[in-house]
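Okay, here's what each chain looks like letter by letter:
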Amino acid sequence: MSRDTQTPPIPGRPFVARRTVRFGHCDPAGIVYFPRYYELLNGVVEDWWDHLGLPWTGLIGERRIGMPTAQLDARFVAPSFLGERLDFELRVAHLGRSSLQLEHRVVGPAGDERVRFAQRIVATSLDTHRPIAWPEDLREALQRFKETR
C-alpha cells in the first residue's frame, strides 16, 4: 500500500498531496537531493490534473494537449530527510490565455516550509508544439479551482 496521499481541496485551501521521502529521493547524507523535488513536484501536478477530472492520459494521449513547464523557480528553505512525510501544497496564482501560474509550497511534518516553487505552464498543441488557448473545459476547471482558494 502506498503511503503517498492527496486530500480533496477545501474552499480557501490549496490542493495538498502528501509524499513520503524515500531512499531513492535522498543523497548519501540522507537528505532529499534537489533534482528529486522536481520529480515529486511533477507527480503532484499530474495528480492535481487528475483530481480536476482532466487526467494527462486523456489530455496528452487523446486530445494532444501538452502542458510543458516554461518556467520553474525554486527556493530551497530547509532540508528534508529520509522517512519524512511532506505536504506539497498547490495553488493557482494566475490563469492566462494559454499560460497558468502555479505556486507550490512543500511543508515538513511540523508545518515548517522546506521548498517554494513558482511554475508557469503553457498549453500547447502536441501536433504543432505551439501555444494554444486553454480549451474551454480546462479553463472552466482551472477557474473553478482558483476561485476556491
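Anything mentioned here points back to the structure above.
Being a predicted model, the structure only gives us computed values, none of them experimental.

A. Representation of the packing of aromatic side chains within the structure. This structure, assessed with the given rule, holds eight aromatic pairs. Ring geometry for Tyr-33 and Phe-34: centres 5.5 Å apart, planes at 65°, overall edge-to-face. The exposure class of Phe-34 is partly exposed, given its relative accessible area of 45%. Their ring planes at 85° and their centres at 6.4 Å tell us that Phe-76 and Phe-117 sit as a pair that is edge-to-face. Here Phe-76 is found in strand E4 (residues 69–76), whereas its partner Phe-117 is found in strand E7 (residues 113–122), with 41 residues between them in sequence. Through a chain of ring-to-ring contacts, the aromatic side chains of Tyr-33, Phe-34, Tyr-37, Tyr-38, Phe-76 and Phe-117 assemble into a single cluster.

B. Representation of the pairing of strand E5 (residues 85–95) within the structure. The pairing of strand E2 (residues 15–20) with E5 spans six bridges and is classified as antiparallel. Paired with Thr-20 across the two strands is Arg-85, which belongs to E5. Inspection of the sheet shows E5 paired to strand E6 (residues 99–107) by eight bridges, in the antiparallel sense. From the neighbouring strand, Glu-89 faces E6, where its bridge partner is Arg-105. Turn length for the E5-E6 hairpin, with the two strands adjacent in sequence and antiparallel, is three residues.

C. Structural context of the nonpolar core. Counting residues in each nonpolar core, the largest one holds 35 residues, and the members touching the most others are Trp-48, Trp-49, Leu-100 and Trp-134. Mapped by element, the contributors of at least two residues to this core are E2, helix H1 (34–51), helix H2 (56–62), E5, E6, E7 and helix H3 (136–147). Ranked by residues supplied to this core, first place goes to H1 with seven residues. Not counting the four nearest positions on each side in its chain, Trp-48 is found in contact with Phe-15, Leu-90, Val-92, Leu-100, Leu-102, Leu-142 and Phe-145.

Rules of the game
- Residues numbered from 1 in each chain as written.
- Predicted model: local features only at pLDDT ≥ 70, side-chain atom pairs only at ≥ 80, totals over all residues.
- Heavy atoms only, no water.
- Phe/Tyr/Trp six-rings, centres within 6.5 Å; stacked < 30°, edge-to-face > 60°.
- Buried < 20%, exposed > 50% of the residue type's maximum accessible area, 1.4 Å probe, protein only.
- Helix = DSSP H or I, 4+ residues; strand = E, 2+ residues; numbered from the N terminus.
- Pairing = 2+ DSSP bridges.
- Core = buried A, V, L, I, M, F, W, Y, C linked by side-chain atoms within 4.5 Å.
- Contact = heavy atoms within 4.5 Å.

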